[in-house]
Each structure stands twice: as structure tokens, then as C-alpha cells.
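For reference, the chains in residue letters:
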Amino acid sequence: MLEARKIRLVMELRQQGITDQAVLSAIEKVPRESFVPESFHDQAYENTALPIGHGQTISQPSVVGFMTQALEIGPRMKILEVGTGCGYQAAVLAGLCRRVYSIERFRELLREAEKRLLDLRVNNVTTKWGDGASGWPEQAPFDRMILTAAATEVPQELLDQMSENGIIIAPVGETSREQTLIRMRHMPDNTWEKEELWPVRFVPMLDGKVGDNSEQ
Ligand code: SAH
């Protein structure tokens, strides 16, 4: 039942313009139902965002697909994700690259995501509880970076952690309303080439981390 819905979703994504076969098979290999609460299992293969608790959402499959495709991922790459959430985007990326480093500010969400990834034997995702705006300097440079929470601009600290020819995909704009998905390429002369891709709507990137003694 879910398998048939999954195949239908993948076909829909292809029709919408996600034509990279490697991206489509990476999506097909990840059981999205494992990343949503039990009560949403039957909606796991609808092309919609769904709530995952703490006021956060799992991204819409077509958004995951378009962002992943726009990253032009190679199998040896190191990718940084800001905003692990339920871990779904990280699991998709993990199927395409060498290692994903993913940062989440909600400790509880991160714990749940780590458990899911472990259960699914996705073993090339390394996670960190923290404020993703500072990136992960110890693991830099990154070949690719994906922000899955909206910022008014991509923080300089993140730009500084990118390798030459690196690509960043990020929703940028007024945080609570619609944002624009932008793609930035790190050029050999250390400048950034910026393209605006499509309008998107993401939850805002917030300061600091939440959990244990610092519960909000
Ligand atoms: N990548 C997810 C979607 C994430 S939703 C998926 O695969 O579906 C955005 C996530 O970013 C939320 O979990 C939110 O808590 C987190 N977030 C917001 N600001 C952050 C920050 N500064 N650092 C790290 N995570 C952040």
C-alpha cells in the first residue's frame, strides 16, 4: 500500500521536473513514513509538508527533491545540513554523498532523528546539537551546504566553511513569510555567484539551542 503510494509520488516528482535519476532513487530508498508521527503514516507519500512536533515540519518531498537536485552532489562529497528536523533530508543526501554533517538546535528532535537514522542503518550522517548559524568549523571545508530553515541572509561563518567550487542552497528572505530559494557557488576567485531559484516557505532559522537545561 505505502510502496504503491511511494512509486506514485516518485512519478509525480519526475513530472514536476526532478529528472536526476540518482536523486529519484535516493528518495525512493528512504521510507518517509519512518520520519513522521504514527498518525501521519498514511499521508507519508503525499507531496506535502507534515508536522513533526515542536512546531517544526518535515519538508515537502518535491522541495527535498528540487533542493537535492540543485546541489549537484557527487559521491565523494561532504555536505553540511543546517536544520536536521526529523532527519529525512539528511537520509536522502546520505544516499548520494560520502558524509552528511547535520546540525539541529532542538535536542529532542535531534535524538529522535538519530534513532531513526540508526534504525534505518544510515551510517554516514554525523549529527550535532547546536546553533547551525556557526556551522561546524572542525569538519570544514564542505563541498555542499543546505539550509533547511530560513535566514535573512546566509551567515558569513557558513560561507567561510565552504570549499572552492562549493554550492550552497538556502531559503533566504523575510523569515515568517515566503522566502526565495537561492543557490550560491563559490568561485575560484573567492567570490560568490548567486542565483534565485524559486519561492519557498520554510520555518525560520532561530538563534541558540533548545533542550535539557535551556528549555524554551
Ligand atoms: N531538514 C528537515 C526539515 C527541517 S525543518 C527535513 O528533512 O524535513 C527546520 C529545522 O531547522 C527545524 O527542526 C528547526 O528546529 C531547525 N533549526 C532552526 N534554526 C536552527 C539553527 N539555528 N540551527 C540548527 N537548526 C535550526
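For the structure, see preceding data.
Everything numeric here is computed off the predicted structure, so don't read it as measured data.

Participant: Sorry, what's going on with the nonpolar core here?
Facilitator: Soluble globular proteins: nonpolar side chains tend toward being buried together. Among the nonpolar cores identified, the biggest contains 46 residues, and Ile-27, Phe-35, Ile-58, Met-67, Tyr-88, Val-92 and Val-100 are the most heavily contacted of them. If you list the elements that add at least two residues to this core, you get α1 (2-16), α2 (21-29), β1 (50-53), α3 (61-70), α4 (88-94), α5 (107-119) and β7 (162-172). With 6 residues, α4 is the single largest residue contributor to this core. What Met-67 contacts, discounting residues up to four positions off in sequence, is Ile-146, Leu-147, Ile-169, Leu-181 and Phe-202. Counting 21 residues, the second largest nonpolar core, distinct from the first, contains Met-145, Met-162, Val-172 and Ile-182.

Participant: I'm lost on the site of the ligand in this one. Help?
Facilitator: Taken together, 25 residues sit near the ligand, with Gln-89, Glu-104, Asp-131, Gly-132 and Leu-206 positioned nearest. Glu-81 places a side-chain nitrogen or oxygen 3.0 Å from a nitrogen atom of the ligand. At 2.7 Å from a nitrogen atom of the ligand is found a main-chain nitrogen or oxygen belonging to Leu-206. Of the pockets mapped on this structure, the ligand occupies the largest pocket.

Participant: How do you make sense of the layout of surface pockets when you look at a structure like this?
Facilitator: Unoccupied space between atoms shows up once a probe the size of one water molecule is rolled over them. As a volume, the largest pocket reaches approximately 570 Å³. In this structure, the largest pocket is lined by 36 residues; those nearest its centre are Gln-56, Thr-57, Thr-148, Ala-149 and Val-203. Those elements that place two or more of their residues in the lining of the largest pocket are β2 (56-58), α3, β3 (78-82), α4 and β4 (99-104). When residues in the lining of the largest pocket are grouped by element, the largest group, 3 residues, is from β2. Residues belonging to the lining of the largest pocket are distributed by class as follows: 18 nonpolar, 13 polar and 5 charged.

Thresholds, definitions, all that
Residues numbered from 1 in each chain as written. Predicted model: local features only at pLDDT ≥ 70, side-chain atom pairs only at ≥ 80, totals over all residues. Heavy atoms only, no water. Core = buried A, V, L, I, M, F, W, Y, C linked by side-chain atoms within 4.5 Å. Buried < 20%, exposed > 50% of the residue type's maximum accessible area, 1.4 Å probe, protein only. Helix = DSSP H or I, 4+ residues; strand = E, 2+ residues; numbered from the N terminus. Contact = heavy atoms within 4.5 Å. Near = heavy atom within 4 Å. Polar contact = N/O pair within 3.5 Å; in protein donor to acceptor, adjacent residues only side chain to side chain. 1 Å grid on protein atoms, 1.4 Å probe; cavity = no way out; pocket = protein on both sides within 12 Å on 5 of 7 lines; lining within 4 Å. Sits in = over half its atoms within 2 Å of the grid points. Points joined across faces, edges and corners; volume = space filled by probe spheres on them. Nonpolar A, V, L, I, M, F, W, Y, C, P; charged D, E, K, R; others polar.

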